[in-house]
Amino acid sequence: MTSIPKGGVLSSSSEHLAELTFGSAMKLKGFSCFFVTKSTQLKLPATDLGLISIRSGLYAKTQQSKSVLFMPVIKNSDLLTFIPRRDTTSLGKTGSATGNPRRYLLVAYNSLSTSFQRKAVSRIFQRTPLIRLRSGIVLLPQVRIRRVRLYSPSLLRPSEFISRLLELGADVWYAPRLELVNPAGDEILIKLISSHLHFRGQRIITGCRSLFTQLKNEPKGNNHLQRFNMLFVRLRSQMRLFRKQTQFFQNEFGITLSPLANRVASAVTRVGHKLSLCDT
């Protein structure tokens with residue numbers, strides 16, 4: 001069902017997608033299409049459709065001879081269908097795909113059990129421009145190296161994301177250069193991206209409000225500023241990574257995220273000013 005790619009190379013340098021090796025990550029080869037169920041309630045009759053269940057929520061159709069061009073058609077908004085392609089995404093100056101649709105890297109990994117591992121995965125997610133499809137399954141847009149440089153070193157490349165998961169002891173499977181073929185696929189992904197970023201942005205704002213309230217109610221003379229400074233530094237770091245993430249998806253997908261990024265930055269700045277006043 002799965003096999004380790006020779007050399008672990010995702011893509012060749014001739015395609016200007018200079019990626020690192022993927023080590024022990026397993027490449028999903030020999031499949032003509034992949035299906036991901038966004039809803040945990042949706043279960044596909046894999047046997048009836050001739051599919052293989054790779055893991056919970058991820059199914060694949062075994063590649064057949066060229067004379068057999070069958071792909072199961074399942075009409076469901078909670079189901080995403082991907083087909084492997086050989087070419088890569090070409091983006092115009094506006095950030096929209098030109099000539100061919102976007103290509104994605106599908107990554108699946110097993111759940112990590114310890115609190116340390118889960119927190120480490122959360123930090124990796126903060127540094128990686130990805131789309132969460134469901135628990136343990138994410139989608140990473142594949143962009144060319146000249147565009148990746150716009151966001152480095154703040155954001156991780158797909159190969160770096162996988163390497164970090166492997167370092168934490170996760171089992172990782174991946175499938176590169178996938179095209180999403182759902183009729184409303186782009187719209188579905190944009191909603192997922194916007195929903196996740198708004199949730200993440202609101203968490204930072206909530207953290208800022210909580211810290212601001214603590215600073216406001218802190219009695220004068222209490223020596224707790226060092227702890228407050230540490231909390232503020234963490235929020236500021238999250239804000240900077242969040243701003244890079246919104247920049248990526250605004251440039252690459254054309255999603256208007258500047259107002260959200262500005263609200264998050266304003267919340268962090270307000271706390272910073274309050275902390276400066278308390279320190280005088």
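Shown above is the structure to which this text applies.
Attention here is on the structure that accompanies the text. The structure displayed is predicted, hence computed values, not measured ones.

**Points about the overall build of the protein chain**
Phase 1 of the analysis: From N to C terminus, the protein chain includes seven helices and nine strands.
Phase 2 of the analysis: For the protein chain, the proportion of its 280 residues judged to be buried stands at 48%.
Phase 3 of the analysis: Looking at the protein chain alone, contacts between residues at least 24 apart form 75% of all its contacts between residues at least 6 apart.

**Here's the deal with the side chain of R103**
Phase 1 of the analysis: Of note, R103 is situated in the loop between strand 5 (79-84) and strand 6 (104-109).
Phase 2 of the analysis: Polar side-chain contacts of R103 include one of 3.0 Å to the backbone oxygen of P101.

**Some thoughts on the packing of aromatic side chains**
The geometry of an aromatic ring pair is captured by the separation of the ring centres together with the interplanar angle, meaning the angle of the planes.
Phase 1 of the analysis: This model, assessed by the stated rule, comprises six aromatic pairs.
Phase 2 of the analysis: Ring centres of Y151 and F248 lie 5.0 Å apart, and the angle between their planes is 65°; this geometry places the pair in the edge-to-face category. One end of the pair, Y151, is in the loop between helix 3 (145-148) and helix 4 (158-167); the other, F248, is in helix 6 (residues 225-253), with 97 residues separating them in the sequence. Each member of the pair Y151 and F248 is classed as buried.
Phase 3 of the analysis: Taking 5.7 Å as the distance between ring centres and 50° as the angle between the ring planes, the aromatic pair formed by F249 and F253 counts as tilted.

**Focus on the pattern of salt bridges**
Between side chains of opposite charge, a pair can form as their charged atoms come close.
Phase 1 of the analysis: By the definition in use, this model includes five salt bridges.
Phase 2 of the analysis: D78 is the salt-bridge partner of K38, the closest N and O atoms lying 3.7 Å from each other. Within this pair, whereas K38 is found in the loop between strand 2 (31-37) and helix 1 (46-49), its partner D78 is found in the loop between strand 4 (58-62) and strand 5, the two being separated by 40 residues in sequence.
Phase 3 of the analysis: The class for K38 is partly exposed, based on a relative accessible area of 23%.
Phase 4 of the analysis: Judged by relative accessible area, D78 falls into the partly exposed class, the value being 27%.

**A closer look at helix 2 (residues 115-126)**
Phase 1 of the analysis: Taking 1.5 Å per residue as the helical rise, helix 2 with its twelve residues ought to reach 16 Å, and the 17 Å between its terminal C-alpha atoms agrees with that figure.
Phase 2 of the analysis: Within helix 2 the residues assigned to the buried category are Q117, A120, V121, I124, F125 and Q126.

**Some details on the environment of L260**
Phase 1 of the analysis: Considering the arrangement of structural elements, one finds L260 in helix 7 (residues 258-278).
Phase 2 of the analysis: The class for L260 is buried, based on a relative accessible area of 5%.
Phase 3 of the analysis: Separated by 17 residues in sequence, L260 and R243 have C-alpha atoms that sit 9.1 Å apart.
Phase 4 of the analysis: Once residues lying within four places of it in the same chain are set aside, the contact partners of L260 are L197, H198 and F242.

**As for the pairing of strand 4**
Phase 1 of the analysis: Most of strand 4 sits out of view: four of its five residues are buried.
Phase 2 of the analysis: By the bridge criterion, five bridges tie strand 2 to strand 4 in an arrangement that is antiparallel. Bridging across to strand 4, V36 finds its partner in L58.
Phase 3 of the analysis: Summarising the sheet, strand 3 (residues 51-55) and strand 4 pair through four bridges and their orientation is antiparallel. Of the residues in strand 4, the one forming a bridge with L51 is K61.

**Description of the nonpolar core**
Phase 1 of the analysis: Core analysis: the biggest nonpolar cluster contains 53 residues, and F34, L58, F82, L106, I131 and L133 have the highest contact counts within it.
Phase 2 of the analysis: Once you skip the residues sitting within four places of it in the chain, L133 turns out to touch V36, K38, L80, F82, L106, V138, L139, L189 and L192.
Phase 3 of the analysis: With 20 residues, the next largest nonpolar core counts A25, L140, L168 and A170 among its residues.

**Structural notes on the environment of G185**
Phase 1 of the analysis: Looking at the secondary structure, you find G185 in helix 5 (residues 185-217).
Phase 2 of the analysis: Along the sequence, G185 and F82 sit 103 residues apart, while their C-alpha atoms lie 9.9 Å from each other.

**A few points about the side chain of E179**
Phase 1 of the analysis: Tracing the chain through its elements places E179 in strand 9 (residues 172-180).
Phase 2 of the analysis: For E179, a relative accessible area of 12% corresponds to the buried category.

**A few points about the packing of helix 6 against helix 7**
Phase 1 of the analysis: At a minimum axis separation of 10 Å, helix 6 and helix 7 run at an interaxial angle of 160°. The orientation of helix 6 with respect to helix 7, classified from their angle, is roughly antiparallel. Once helix 6 is placed against helix 7, the crossing between them reads as left-handed. The residues of helix 7 that touch helix 6, namely those facing L225, F228, N229, F232, L235, R236, M239, F242, R243, T246 and Q250, are S258, L260, A261, V264, A265, V268, V271, G272, L275 and C278.
Phase 2 of the analysis: Across the contact of helix 6 with helix 7, the residue classes tally to 14 nonpolar, five polar and two charged.

**Focus on the pairing of strand 7 (residues 131-134)**
Phase 1 of the analysis: Pairing analysis gives three bridges linking strand 7 to strand 8 (residues 137-141), with the strands arranged antiparallel. Bridge assignment links I131 to a residue of strand 8, and that residue is L139.
Phase 2 of the analysis: Adjacent in sequence and paired antiparallel, strand 7 and strand 8 are bridged by two residues, among which G136 carries a positive phi angle near 80°.

About the cut-offs
- Residues numbered from 1 in each chain as written.
- Predicted model: local features only at pLDDT ≥ 70, side-chain atom pairs only at ≥ 80, totals over all residues.
- Heavy atoms only, no water.
- Helix = DSSP H or I, 4+ residues; strand = E, 2+ residues; numbered from the N terminus.
- Buried < 20%, exposed > 50% of the residue type's maximum accessible area, 1.4 Å probe, protein only.
- Contact = heavy atoms within 4.5 Å.
- Polar contact = N/O pair within 3.5 Å; in protein donor to acceptor, adjacent residues only side chain to side chain.
- Phe/Tyr/Trp six-rings, centres within 6.5 Å; stacked < 30°, edge-to-face > 60°.
- Salt bridge = Lys/Arg side-chain N within 4 Å of Asp/Glu carboxyl O.
- Expected span 1.5 Å × (residues − 1).
- Pairing = 2+ DSSP bridges.
- Core = buried A, V, L, I, M, F, W, Y, C linked by side-chain atoms within 4.5 Å.
- Axes fitted to C-alpha atoms, helices over the stretch in contact; angles between N-to-C directions.
- Parallel < 35°, antiparallel > 145°, perpendicular 65-115°, else oblique.
- Left-handed = near helix turned anticlockwise from the far one by under 90°.
- Nonpolar A, V, L, I, M, F, W, Y, C, P; charged D, E, K, R; others polar.

Structural measurements only, silent on function.
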